[in-house]
Amino acid sequence: TAWISVANARKEEAIAPRAEVRGWVRTRRDSKGGFSFIEVNDGSCFGNLQIVAPAELANYESEIQKLSAGCSIVATGELVASPAKGQATEMHATEVRVIGWADPETYPLQKKRHSFEKLREWAHLRPRTNTFGAVARVRNQISQSIHDFYHERGFLYVNTPIITASDCEGAGEMFRVTSLDLEMLAKKGGPVKYEYDFFQKPAYLTVSGQLNGETYATALGRIYTFGPTFRAENSNTSRHLAEFWMVEPEAAFFDLNDNMQLAEDFLKRIFTDCLNHCEEDMAFFDSMIEKGKVDQLKAVVEKPFTHMPYTEAISILESTTEKFDYPISWGTDLQAEHERFLTEKHVGGPVILTDYPSTIKPFYMRVSEDGKTVAAMDVLVPGVGEIIGGSQREERLDVLQSRMDEAGLNQDDYWWYIDTRKYGTVPHAGFGLGLERAVQYATGMANIRDVIPFPRTPGNADF
Ligand code: 4AD
Ligand code: MG
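Computed from a predicted structure; not experimentally measured.

What follows deals with the environment of Gly-444. Checked against the element boundaries, Gly-444 lands in the segment after α13 (435–443). Given 20 C-beta atoms within 10 Å, Gly-444 falls into the buried group. Among all residues touching Gly-444, those that are not within four sequence positions of it are Phe-285, Ile-289, Glu-290 and Lys-293.

As assigned here, the chain comprises domain 1 (6–100) and domain 2 (128–450). At the interface, 5 residues of domain 1 touch 7 residues of domain 2. In terms of residue class, the side of domain 1 that touches domain 2 is built from 3 nonpolar, 2 polar and no charged.

Moving on to the site of ligand 1. Taken together, 24 residues are adjacent to ligand 1, and Ser-208, Gln-210, Gly-389, Gly-432 and Gly-434 come closest. Mapped by element, the contributors of at least two residues to the shell around ligand 1 are β11 (243–252), β15 (385–392), β16 (428–434) and α13.

Before going further, it helps to examine the sheet that holds strand β8 (residues 176–177). Here 3 strands make up an open sheet; going across it, the order is β7-β9-β8 and the pairing antiparallel. Bordering the open sheet on either side are β7 (163–164) and β8, each of which pairs with just one other strand. As defined by bridge partners, β8 adjoins strand β9 (residues 203–205) across 2 bridges and the pair is classed as antiparallel. Residue pairing for β9: Val-177 is matched across the bridge by Ala-203.

As a further point, take the confidence of the model for the chain. Mean pLDDT over the chain stands at 96; residues scoring 70 or higher make up 100%. For this predicted complex, the interface confidence score (ipTM) comes to 0.99, while the overall pTM stands at 0.96.

What follows covers the sheet that holds strand β13 (residues 351–354). Read from one edge of the open sheet, 8 strands run β6-β10-β11-β16-β15-β14-β13-β12, paired in mixed fashion. What marks the edges here is a single partner per strand, and that holds for β6 (156–157) and β12 (306–309). Of the strand pairs in this sheet, β13 and strand β14 (residues 376–381) are connected by 4 bridges, and their pairing is antiparallel. Following the sheet pairing, Ile-352 is matched in β14 by Val-379. Lying over the sheet, helix α9 (residues 310–319) contacts β12 and β13, oriented at roughly 85 degrees with respect to β12.

In this section: the packing of helix α6 (residues 256–277) against helix α8 (residues 293–302). Interaxial distance between α6 and α8 falls to 9 Å at its minimum, and their mutual angle equals 140 degrees. As far as their axial angle goes, α8 and α6 are oblique. Relative to α8, α6 is oriented so that their crossing is left-handed. Residues Lys-268, Phe-271, Thr-272 and Leu-275 of α6 lie in contact with α8, whose contacting residues are Val-294, Leu-297, Lys-298, Val-300 and Val-301.

A few words now on helix α11 (residues 397–406). What sets the pattern is the α-helix's 3.6 residues per turn: residues three or four places apart point alike. Those residues of α11 not exposed but buried are Leu-400, Arg-403 and Met-404. Seen from one end, α11 has its buried residues packed into an arc of 100 degrees, which puts them on one side. Those residues of α11 that are exposed and aimed more than 90 degrees away from the buried face are Asp-398, Asp-405 and Glu-406. Buried residues in α11 make contact with α12 (415–422).

Before going further, it helps to spend a moment on the pairing of β14. Most of β14 is tucked away, with 6 of its 6 residues classed as buried. Burial along β14 is two-sided: Ala-376, Asp-378 and Leu-380 and Met-377, Val-379 and Val-381, pointing in opposite directions, are all buried. Note that β14 and β15 share 6 bridges and pair antiparallel. In the sheet register, Leu-380 faces β15, and the bridge partner there is Glu-386. Linkage of β14 to β15, two consecutive antiparallel strands, is achieved through a turn of 3 residues, within which Gly-383 is found at a positive phi near 85 degrees.

Once that is clear, we can look at the packing of helix α3 (residues 130–152) against α6. Between α3 and α6, whose axes approach to 9 Å, the crossing angle comes to 135 degrees. Considered as vectors, α3 and α6 are oriented oblique to each other. Both α3 and α6 take part in a crossing whose hand is right-handed. Every residue of α6 that contacts α3 at Val-138, Gln-141, Ile-142, Ser-145 and Phe-149 is listed here: Phe-266, Arg-269, Ile-270, Asp-273, Cys-274 and His-277. Taken together, the residues of the contact of α3 with α6 break down into 6 nonpolar, 3 polar and 2 charged.

When α9 is considered as a whole, its buried residues turn out to be Tyr-310, Ala-313 and Leu-317. Seen end-on, α9 carries its buried residues on one side only, within an arc spanning 60 degrees. Turned more than 90 degrees from where α9 packs its buried face, Ser-315, Glu-318 and Ser-319 sit exposed. Considering only its buried residues, α9 is in contact with β12, α10 (336–347) and β13.

Among the 9 residues of strand β10 (residues 222–230), 7 are classified as buried, and the element is accordingly described as predominantly covered. Sheet topology places β6 next to β10; 2 bridges connect them, and they run parallel. Considered in β10, the bridge of Leu-156 is made with Ile-223. Inspection of the sheet shows β10 paired to β11 by 9 bridges, in the antiparallel sense. Each bridged residue has a counterpart across the sheet, and for Arg-222 the counterpart in β11 is Ala-251.

About the cut-offs
- Residues numbered from 1 in each chain as written.
- Chains lettered and ligands numbered in written order.
- Predicted model: local features only at pLDDT ≥ 70, side-chain atom pairs only at ≥ 80, totals over all residues.
- Helix = DSSP H or I, 4+ residues; strand = E, 2+ residues; numbered from the N terminus.
- Buried ≥ 20, exposed ≤ 12 C-beta atoms within 10 Å, placed from the backbone.
- Contact = placed C-beta atoms within 7 Å.
- Domains from an automatic or database assignment.
- Nonpolar A, V, L, I, M, F, W, Y, C, P; charged D, E, K, R; others polar.
- Near = placed C-beta within 6 Å.
- Pairing = 2+ DSSP bridges.
- pLDDT = per-residue confidence, 0-100.
- Axes fitted to C-alpha atoms, helices over the stretch in contact; angles between N-to-C directions.
- Parallel < 35°, antiparallel > 145°, perpendicular 65-115°, else oblique.
- Left-handed = near helix turned anticlockwise from the far one by under 90°.
- Arc of directions from axis to C-beta.

Right, dumping it as structure tokens:
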């Protein structure tokens, strides 16, 4: 008998005299007429397939009537048009084999709805729920769209290292990596000797693949990285993780305008693909997580993004009657509340903020004519805030070096990066998109911990 996914079995054209589905029971309901209705899900789609199991089956009383949520089964039978509302097909089973039981006394995912907080304690089981199945599929779609988008535009996929000695963002938020037994060394007292450490110098988990990416962009033209990045910053918010995935395109001969256009096309492509390829999941988010999500995204992909220089944003924020917890003035960084005001109240959609003060941005951003601002761009979206951060890069050797000095960076540590400006330097630009922030925006999920399978936050490295 041919195996068929639940996603395919639910389609009208699946009707067939014999098929097999494999999955996990969501619910079982026994009817008086000598039938049981089993809702089975296999993760291939949001919906379940209804299995109608007649009392004539040999294991009806001994097994089928004992099935409960979480049990795994293989069902064989005829796929027929369903008389029930909300489903095109159902299966009339000729055999229901139980593969694995799930004791209803102890199985955590009972019929009652659990809060997302509670489900985080069961990160290993939550993908079996409607919401987390849908999140996993949308996240998968976005990852696929990322690769599709860049490949179609001739960007080469480059893998940059996870372990590194350099702090790209210069924010000192790196996790230390060492092969030394720190507890043993502490007991012995005395100084830490790097010659005994694996890399013979301090090494860290990367905060960004950008600097390595730039070396490839200044050789191969257009590249992107896509991988895990790490930050030992305060992750006790709904938008920060200690471990998150970042996509970082970098393109030679790009200026800030090219970069902004790329970011806008990129985001629109991602959300269009979610709307077109995850219709059922998006309908669920639209009705259960954030009302109006689908129409909101449709509007976002149709309209051009608003562009606004930082200086203009500051004067808007200074002159509004809105009350903020954090004071804002030229030279300070925007807080979440400011980003929300601009995107949700002032513009009502995504905003690309540009030309930030050099003092609040990293050393690699290109200094503008005014000497005070850099060619930076952050893309902000309603609900989430900053989703993309990027810039045109400083390609002038002398300016880069003086910016490094100002930032207190040791040029010897970055000699390889500086070489890209010494030898055949070119204008270039790039940005980073946080995958989880993109999934949050696409789905409307309020907490970033619920859009990554196993969130890493302070005090939480389990599973
Ligand atoms: O703005 P960030 O720090 O920029 C960079 O790392 C640049 N090197 C990127 C580049 O130009 N190639 O981070 C980029 C994006 C943010 O806009 C945000 O979406 C996400 O990464 N991000 C986080 N996501 C989850 N948790 C965190 N702690 C994050 N920090 C940044
Ligand atoms: Mg940023």
